[in-house]
Amino acid sequence: MSAGQRLRDLGIELPEVVTPAGAYVPAVQSGSLVFTAGQLPVVAGRLVSTGKVGAEIDAGAAAGLARTCALNALAAVHALVGIDSVRRVVKVTGFVASAPGFTEQPAVIDGASALFGEVFGDAGGHARSAVGVAELPKNAPVELEIVVEIEVTS
């Protein structure tokens, strides 16, 4: 089953690509790989939450925000090459704006990883980093970037 069909079956519609906040593009293809820019939890052009995870935001809510970031990353991939060209998710890097003492970054980024499994099945399994940071752009609690392998046609 294609990723596009899985999204439809899950009742998920990819959002519009988030407008870059600087001098960069949302996604770039190099050979059979697509790299996304960092994606924040933006919905309809608005950052949906701000603050530190482990203080203003709990880990469960932050996992939901990571899922939103993942949808934005998939939207950037789809706009560039089409979601059905994705062969597998290769790498996920998640950044979590963490309050002092918060150490559950992997649980937060699991929100994104779970989505990739739902959409791509076994091909959604990926290498991953979940990094705690002091600050993220616009006081976002989570930021995510992905690398996917695509089917390249000649």
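Each remark here, short or long, concerns the structure printed above.
All values reported here derive from a predicted model rather than from experimental measurement.

Chemist: Just checking my understanding: could you explain the environment of His126 for this structure?
Modeler: You can see His126 is positioned in the loop between α3 (105-120) and β6 (127-133). Once the C-alpha coordinates of His126 and Ala75 are considered, the two residues, 51 residues apart in sequence, prove to be 18 Å apart. Among the polar contacts made by the side chain of His126, one reaches the side chain of Ser113 at a distance of 2.8 Å.

Chemist: What am I meant to see in the pattern of salt bridges here?
Modeler: For side chains bearing opposite charge, pairing can occur when the charged atoms are close. The full count for this structure, using the stated rule, is five salt bridges. We note a salt bridge from Arg67 to Glu118, for which the minimum N-O separation is 3.1 Å. Residue Arg67 is found in helix α2 (residues 59-81), and its partner Glu118 is found in helix α3; the two are separated by 51 residues along the sequence. The exposure class assigned to Arg67 is partly exposed, which follows from its relative accessible area of 25%. Overall, the relative accessible area of 34% leaves Glu118 in the partly exposed class.

Chemist: Would you mind showing me how to read the packing of helix α1 (residues 3-10) against α3 here?
Modeler: Each pair of packed helices gets described by two things: the angle between the helix axes and the distance between those axes. Following both chains from N to C, one finds α1 and α3 inclined at 110 degrees, their axes separated by 8 Å at the closest point. Relative to α3, α1 is oriented roughly perpendicular. Together, Ala3, Arg6, Leu7 and Leu10 of α1 and Glu118, Val119 and Phe120 of α3 make up the contact between the two elements. Class assignment for the residues of the contact of α1 with α3 results in five nonpolar, no polar and two charged.

Chemist: Explain the pairing of strand β5 (residues 86-97) here, please?
Modeler: Two faces, one strand: in a regular strand the side chains alternate between the faces of the sheet. Sheet topology places β5 next to strand β7 (residues 142-150); nine bridges connect them, and they run antiparallel. The residue of β7 that forms the bridge with Lys91 is Val147. Looking at chain direction, β5 and β6 are connected through seven bridges and run parallel. Bridge assignment links Lys91 to a residue of β6, and that residue is Ala127. With α3 bridging β5 and its parallel neighbour β6, the resulting β-α-β unit is right-handed.

How each quantity is defined
- Residues numbered from 1 in each chain as written.
- Predicted model: local features only at pLDDT ≥ 70, side-chain atom pairs only at ≥ 80, totals over all residues.
- Heavy atoms only, no water.
- Helix = DSSP H or I, 4+ residues; strand = E, 2+ residues; numbered from the N terminus.
- Polar contact = N/O pair within 3.5 Å; in protein donor to acceptor, adjacent residues only side chain to side chain.
- Salt bridge = Lys/Arg side-chain N within 4 Å of Asp/Glu carboxyl O.
- Buried < 20%, exposed > 50% of the residue type's maximum accessible area, 1.4 Å probe, protein only.
- Axes fitted to C-alpha atoms, helices over the stretch in contact; angles between N-to-C directions.
- Parallel < 35°, antiparallel > 145°, perpendicular 65-115°, else oblique.
- Contact = heavy atoms within 4.5 Å.
- Nonpolar A, V, L, I, M, F, W, Y, C, P; charged D, E, K, R; others polar.
- Pairing = 2+ DSSP bridges.
- Right-handed = clockwise from strand over helix to strand, strands pointing away.

Structural measurements only, silent on function.
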